[in-house]
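# Summary of the model geometry
Residues per chain are reported as follows:
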Amino acid sequence: MHKKALVLFSGGQDSATCLAWALDRYEQVETIGFDYGQRHRVELDCRITVLQNLRDAFPHWAARLGQDHLLDLGLLGQISETALTADKVITFEQSGLPNTFVPGRNLIFFTFAAAVAYRRGISVLVGGMCETDYSGYPDCRDDTLKSLQVTLGLGLDQRLVIETPLMWLDKSQTWVMAKSLGGPGLVEIIRRDTHSCYVGDHSTLHAWGYGCGKCPACELRAKGFDAFARAVI
Ligand code: ZN
């Protein structure tokens, strides 16, 4: 029944792994990304590289990989003054959330993705949200996304499934999933070609990928890759 999927593909480790997961399962897979004035806009360039390298390295996936959609959501940068969209130091706020939290971001992303999916005859949306070792963003929670699935399905009067294959995995288990889906070749594409660093530092390639090595996204990625590499050895 559900043969076509639209993957929310930012250019980071998690969404690249989700893209491989979807390519392994669905007959047709399209991708969607958002330009919202993020400081780490370099991830948008990484999207193109990852898509091309996946096509080259995995011909059976290339046959399934369809259109890529890039939406301009600059208004999200206008309405939120956060460390993800403005040149601010990353700190924790009184709410307990880091100031990289862009309020409503995933709700907006999924709503626009659903509109594109509707037009394209796609019934599955795939996102790399995770509740295991995350920053506490409330719009990454399983309950939020299950509720959104119901809301979008009702609002479009069409059955819509939101799949979040990483929801209960930690970052090292996400690398394990990548390896099981595409072997060392996929692990290397994700390590070398994706971008997770919040401040957009893409100057140094570490063992775990590019990044500043200090922001919360880099710390999580480095810790996860280290645990994965030690387990593999
Ligand atoms: Zn960083």
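Residues numbered from 1 in each chain as written. Predicted model: local features only at pLDDT ≥ 70, side-chain atom pairs only at ≥ 80, totals over all residues. Heavy atoms only, no water.

## Remarks on the overall build of the protein
A count of helical and extended segments in the protein gives 8 helices and 7 strands. Taking 2.2 N^0.38 as the reference for a compact globule, 233 residues should give roughly 17 Å; the C-alpha atoms of the protein span a radius of gyration of 17 Å, in line with that estimate. Referenced to the eigenvectors of the C-alpha coordinate spread, the extents of the protein come out at roughly 45 × 40 × 30 Å. Within the protein, the fraction of its 233 residues that count as buried is 52%. In the protein, 68% of the contacts between residues at least 6 apart in sequence involve partners at least 24 apart. For the protein, the computed accessible surface area is about 10600 Å², with 53% contributed by carbon and sulfur atoms. One finds the centroid of the 23 positive side-chain charges in the protein at a distance of 3 Å from the centroid of its 26 negative side-chain charges. (Helix = DSSP H or I, 4+ residues; strand = E, 2+ residues; numbered from the N terminus. Rg over C-alpha atoms; globule rule 2.2 N^0.38 Å. Buried < 20%, exposed > 50% of the residue type's maximum accessible area, 1.4 Å probe, protein only. Contact = heavy atoms within 4.5 Å. Areas by Shrake-Rupley, 256 points an atom, 1.4 Å probe, with all protein chains shown as cover. Lys, Arg positive; Asp, Glu negative; His and termini not counted. Charge placed at Lys NZ, Arg CZ, Asp CG, Glu CD.)

## Some points on the packing of helix α2 (residues 42–57) against helix α7 (residues 171–193)
Closest axis-to-axis distance for the α2/α7 pair is 10 Å, and the angle between their directions is 165°. In terms of orientation, α2 lies roughly antiparallel with respect to α7. Like other packed secondary-structure pairs, α2 and α7 cross with a definite hand, here right-handed. Residues Cys46, Thr49, Val50, Asn53, Leu54 and Ala57 of α2 form the contact with α7, whose own contacting residues are Leu186, Ile189, Arg192 and Asp193. Taken together, the residues of the contact of α2 with α7 sort by class into 6 nonpolar, 2 polar and 2 charged. (Axes fitted to C-alpha atoms, helices over the stretch in contact; angles between N-to-C directions. Parallel < 35°, antiparallel > 145°, perpendicular 65-115°, else oblique. Left-handed = near helix turned anticlockwise from the far one by under 90°. Nonpolar A, V, L, I, M, F, W, Y, C, P; charged D, E, K, R; others polar.)

## Concerning the side chain of Ser196
The topology assignment puts Ser196 in the loop between α7 and β6 (205–206). Here Ser196 falls in the buried class, since its relative accessible area comes to 17%. In this structure the side chain of Ser196 is engaged in a polar contact, spanning 2.8 Å, whose partner is the side chain of Arg221. In this structure Ser196 touches Gly12, Gln13, Ala217 and Arg221, once residues within four positions along its chain are discounted. (Polar contact = N/O pair within 3.5 Å; in protein donor to acceptor, adjacent residues only side chain to side chain.)

## With respect to the packing of α7 against helix α8 (residues 216–232)
Where α7 contacts α8, the axes come no closer than 10 Å and their chain directions differ by 80°. Judged on the interaxial angle alone, α8 and α7 are roughly perpendicular. Between α7 and α8, the residues in contact are Lys171, Ser172, Trp175, Val176, Lys179, Val187, Ile190 and Arg191 and Leu220, Arg221, Gly224, Phe225, Ala227, Phe228 and Val232, respectively.

## Looking at α7
A rise of 1.5 Å per residue sets the reference length of α7, with its 23 residues, at 33 Å; its end C-alpha atoms lie only 17 Å apart and thus fall more than 12% short of the reference. At Gly182, α7 shows its largest kink, close to 125°, and the proline Pro184 lies no more than four residues downstream. By the N-cap criterion, in which a side-chain oxygen at the helix start approaches the backbone nitrogen of a residue two or three places on, α7 is capped by Asp170, the distance to Ser172 being 3.1 Å. (Expected span 1.5 Å × (residues − 1). Bend = angle between axes of the 7 residues up to and from the residue.)

## So, the side chain of Thr164
Position of Thr164 relative to the elements: it lies in the loop between β5 (161–163) and α7. Residue classification places Thr164 among the buried residues on the basis of a relative accessible area of 15%. When neighbours within four sequence positions are excluded, Thr164 is seen to be in contact with Gly127, Met129, Asp142 and Leu145.

## Comments concerning the coordination of the zinc ion
Distances from the zinc ion to its protein donors, Cys197 (SG), Cys212 (SG), Cys215 (SG) and Cys218 (SG), fall within 2.3 to 2.4 Å. Relative to the metal, the 4 donor atoms surrounding the zinc ion lie at angles of 106 to 117°, and the coordination shape comes out tetrahedral. Sequence spacing of the donors to the zinc ion: C-x14-C-x2-C-x2-C. Residue Cys197 is found in the loop between α7 and β6, and its partner Cys212 is found in the loop between β7 (209–210) and α8; the two are separated by 15 residues along the sequence. (Donors = N, O, S within 2.8 Å, 3.2 Å for Na, K, Ca; no water. Tetrahedral: all angles 85-135°; square planar, octahedral: opposite > 155°, others 65-115°.)

## Side note on the packing of aromatic side chains
Following the criterion strictly, the structure yields 7 aromatic pairs and no others. Three or more aromatic residues joined by ring pairs form one cluster here, namely Phe34, Tyr36 and Phe109. (Phe/Tyr/Trp six-rings, centres within 6.5 Å; stacked < 30°, edge-to-face > 60°.)

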